[in-house]
Amino acid sequence: MTPRDKWINWGLFILLALIWGSSFILMKVGRTHLNGLQIGSLRILSAGVVFLPFALFQARRIPRARIPLLLLSGLLGNLFPAFLFAAAIDRIDSSLEGILNSLTPLFVIVVGLLFFGMKLGRRQVAGVLIGFIGLVLLSLYSGFNASNFGYAALVLLATLMYGINVNIVNRYLRGLDPIAMATVSLSLMAIPAAIVVGQQEVFSMLRYDEGALLSIGASVLLGIVGSAIATALFYLLIKRAGALFASLVTYAIPIVAIGWGLLDGEGFTLVQGGCLAVILAGVYLVNKK
């Protein structure tokens, strides 16, 4: 690999971290005039529309027998988490969402172990335990009460869905072109998202709510950049630098999310920073070769 290739790979890595780490503050902007259902549906609809021309070309590469599994992957990997993350942002900080999102690799391992016959070494088991210790500490010291703990649980449910989806893809969709899966799956999810957008009368809000334009724009930007473009960049990075290097973006996402939160006036304590360090240490052990 030439020095130029390394610079390009690191550039893609940083760009991905900035995009995905900024997703949480965009949801917060969207939440000022929209509800979680509206933000999630706008996000998926805009991403699906961007991917539609590519999906029409890539659809022929998907065997018909795999379409139901691809639909399930779209629901668990895109549609439902988009609604859950957007709903939770109303009661918990965007930086905290970024920290909780970093648990995704641990849920991949736990789901794989419990339901997909995944074999774990002692290092992976230790990583999962350390990660969940970090989660428990974060829950204890982040001031969760009975009401906002439920909203944090929405984020955890979304990361659990990500974990299930990764295992489904690894077990039942292996061998399919990842670009084809991503474009077709997101385009299919745009159909229910469009129905929700119509039922919620999102765009009609522009006639009587001047502030809705910013929220709608942030949600559409979230879909186009945070879902569609970021997905394409992620697969490009995997192709150029390998899956292991690309997966390390997990460590950078919460750092960017915390940075945005601080700029927006959100609080962040040393205890939360320590909990993040414990969680990322667990993720590191899980992913270490």
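Look up a bit, the structure's there.
What you see is a predicted model; the values in this text were computed from it and never measured. (Residues numbered from 1 in each chain as written. Predicted model: local features only at pLDDT ≥ 70, side-chain atom pairs only at ≥ 80, totals over all residues. Heavy atoms only, no water.)

**Digging into the environment of Leu 160**
Right, on to step 1. Inspection of the secondary structure puts Leu 160 in helix α7 (residues 146-172).
Right, on to step 2. A relative accessible area of 29% places Leu 160 in the partly exposed class.
Right, on to step 3. Each C-alpha atom of the pair Leu 160 and Thr 104 lies 6.9 Å from the other, and the pair is 56 residues apart in sequence.
Right, on to step 4. For Leu 160, the contacting residues outside a window of four places in its chain are Phe 107 and Val 111. (Helix = DSSP H or I, 4+ residues; strand = E, 2+ residues; numbered from the N terminus. Buried < 20%, exposed > 50% of the residue type's maximum accessible area, 1.4 Å probe, protein only. Contact = heavy atoms within 4.5 Å.)

**A few points about the environment of Leu 237**
Right, on to step 1. Mapped onto the fold, Leu 237 is located in helix α9 (residues 212-241).
Right, on to step 2. Excluding residues that lie within four positions of it along the chain, Leu 237 makes contacts with Asn 9, Leu 12, Phe 13, Leu 16, Gly 242, Phe 245 and Ala 246.

**Some details on helix α12 (residues 270-287)**
Right, on to step 1. For α12, spanning 18 residues, the distance from its first C-alpha to its last is 26 Å, which sits close to the expected 26 Å at 1.5 Å a residue.
Right, on to step 2. Turning to α12, its buried residues are Gln 272, Cys 275, Leu 276, Ile 279, Leu 280, Gly 282, Val 283 and Val 286. Viewed end-on, α12 has its buried residues packed into an arc of 150°, placing them on one side of the element.
Right, on to step 3. Check the buried side of α12 and you find it contacts α4 (94-101), α5 (104-115), α6 (122-141) and α11 (249-263). (Expected span 1.5 Å × (residues − 1). Arc of directions from axis to C-beta.)

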